[in-house]
Amino acid sequence: MTYQKEVDKRRTFAIISHPDAGKTTITEKVLLFGNALQTAGTVKGKKSGQHAKSDWMEMEKERGISVTTSVMQFPYGDNLVNLLDTPGHEDFSEDTYRTLTAVDSCLMVIDSAKGVEARTIKLMEVTRLRTTPIITFMNKLDRDIRDPLELLDEVEDVLNIKCAPITWPIGMGKEFKGVYHLLRDETILYQTGQGHTIQDSKVIKGLDNPELDEAIGSYAEELREMLELVQGASHEFDQEEFLRGELTPVFFGTALGNFGVDHMLDGLTEWAPKPQARQTHDREVSSEESKFTGFIFKIQANMDPKHRDRIAFCRIVSGKYEKGMKLHQPRIGKDVRISDAVTFLAGDRSVLEEAYAGDIIGLHNHGTIQIGDTFTSGEKLQFTGIPNFAPELFKRIRLRDPLKQKQLLKGLIQLSEEGAVQVFRPLINNDLIVGAVGVLQFDVVVARLKAEYNVDALYEHVNVTTARWVSAKEQKHLDELRRKSEVNLALDGGDNLTYIAPTMVNLSITQERHPDVTFHQTREH
Ligand code: G4P
């Protein structure tokens, strides 16, 4: 197959949803269709003690939430689909944000009994920072749901995106009969109890087909009347509007009942964009370019207890990865030979022979790779738009056993490379201050320090309210800041100079006094 054909068949997406809407269940069913798993449903069950393969860490198992991001690749029809799992808890928005920079489209999953929920609103805002096409799945039709037309209205009003229903539900809850596919003009009947296998579904062609009346009784007439209303009240699918993020195709179904997920996948593979271009400081890089480029959007330590290492997740923007190839890392100006990049099949890792634009590869990181790094075939490029955010919560971290200071520092720096927390080392003392965007991350850090670095640590209050990375055109301005405010300066995990302010008032006074210093709320390389 030619390079371009390989690239064009790829679809890289992530799921955005409010917790409990059904993201994990849909992921299982999607993998079932992709044959990545033999029997979906054996993957996870919070209560039965089994867990999705995408949930790696103990922490997640205990809390029943997905803390990490994993990558799953599977074939669907003629396409090759990459699904990036996003952390489910709102504390991890920063991590989620960066994951969304690595996809070309998103699937929005909505609990049809609840409608648009808080976290979905937030995530939609994030997808709009880069125009990301959105596909919608209205889940849990096997329950009593809200009026479907009202659901569409809510999506349009609250999320400010037009809805184009592709399928329309017939009945709901115990009376859920199936869906009518508006574009194919056919009704697909729902059978219960088929969640673990791909069932042969009964399809009735044509809306006026008497077979439909036979199969679903009075629902058939209701459906015909309803559809007239629906077509008047909603929008028709338009590829261009979809690609501009202005319109979303909507599918109805039940992930648990394994119904409708395939319709959604058909739509996704047909309409969602192939690997898209990404911006660098100098120029845009298109997936049609055959030279390798890519960027790191996530780093994760100790993913697999059997391989104690750190993996940097690289989204390939252009070109092809081949085992053993040499990649250039412009930030440090070095070439590295990559012989052991890994790919992820729902958490199982295997050594990769080749990968193309749109794919995610895992690079072993021995401390030289940072989030936001670019890799190329030699060109000096830097992809933009993969920031670190300044943390909003701070604690001093202290050891129970003071002999393990070195281990603690190593653990903290490695965990901060992942970007979920930041570590700050004040210039004037040996404190270690952990900064996070959400509270839960503090617990994660202590749990992981213990499990992965054998370090017993605890937190203490610290008088820090906010942090800003500082830079200046001339070194003398930074020296001046240092003379005046050394007590408030620290180095982060990557040795970047940071101002850690005890109060917001202190920060604004310092900013006024040092007009030649820039105080950054986000950090990009
Ligand atoms: P999340 O990853 O978005 O948080 O959602 P998850 O898939 O874990 O689903 C949340 C709950 O909703 C689970 O129930 C799951 O079984 C259920 N669910 C998902 N899809 C459907 C659906 O189509 N219909 C119905 N009726 N339920 C659905 P749980 O009781 O919290 O957990 P579990 O013990 O079933 O795993």
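Residues numbered from 1 in each chain as written. Predicted model: local features only at pLDDT ≥ 70, side-chain atom pairs only at ≥ 80, totals over all residues. Heavy atoms only, no water.

Caption draft 1: Seen up close, helix α13 (residues 475-485). Among the residues making up α13, those that are buried are His477, Leu478, Leu481 and Ser485. Take α13 and look down its axis: the buried residues cluster within an arc of 100°, on one side only. Facing away from the buried side of α13, by more than 90 degrees, are the exposed residues Gln475, Lys476 and Arg483. (Buried < 20%, exposed > 50% of the residue type's maximum accessible area, 1.4 Å probe, protein only. Helix = DSSP H or I, 4+ residues; strand = E, 2+ residues; numbered from the N terminus. Arc of directions from axis to C-beta.)

Caption draft 2: Examining the nonpolar core more closely. Core analysis: the biggest nonpolar cluster contains 77 residues, and Val155, Trp168, Phe292, Tyr321, Ile361 and Leu363 have the highest contact counts within it. In this structure, Ala21, Leu83, Leu107 and Ile166 belong to the second largest nonpolar core, which totals 28 residues. (Core = buried A, V, L, I, M, F, W, Y, C linked by side-chain atoms within 4.5 Å.)

Caption draft 3: Structural view of the packing of helix α2 (residues 23-33) against helix α10 (residues 261-271). Their axes nearest at 10 Å, the elements α2 and α10 cross at an angle of 70°. If you check the angle between α2 and α10, you find them roughly perpendicular. Taking contact as the criterion, the partners of Lys29, Val30 and Phe33 in α2 are, on α10, Val261, Asp262, Met264 and Leu265. Residues of the contact of α2 with α10, tallied by class, amount to five nonpolar, no polar and two charged. (Axes fitted to C-alpha atoms, helices over the stretch in contact; angles between N-to-C directions. Parallel < 35°, antiparallel > 145°, perpendicular 65-115°, else oblique. Contact = heavy atoms within 4.5 Å. Nonpolar A, V, L, I, M, F, W, Y, C, P; charged D, E, K, R; others polar.)

Caption draft 4: Looking closely at the pattern of salt bridges. Counted according to the given criterion, the structure contains 36 salt bridges. Across the salt bridge formed by Glu246 and Arg244, the nearest N and O atoms sit 3.1 Å from each other. Taking relative accessible area as the criterion, Arg244 reaches 45% and is therefore assigned partly exposed. Residues Arg483 and Glu480 are paired through a salt bridge, measuring 2.7 Å at the closest nitrogen-oxygen approach. Of the two residues, Arg483 and Glu480 both sit in helix α13, three residues apart, roughly one turn of that helix. (Salt bridge = Lys/Arg side-chain N within 4 Å of Asp/Glu carboxyl O.)

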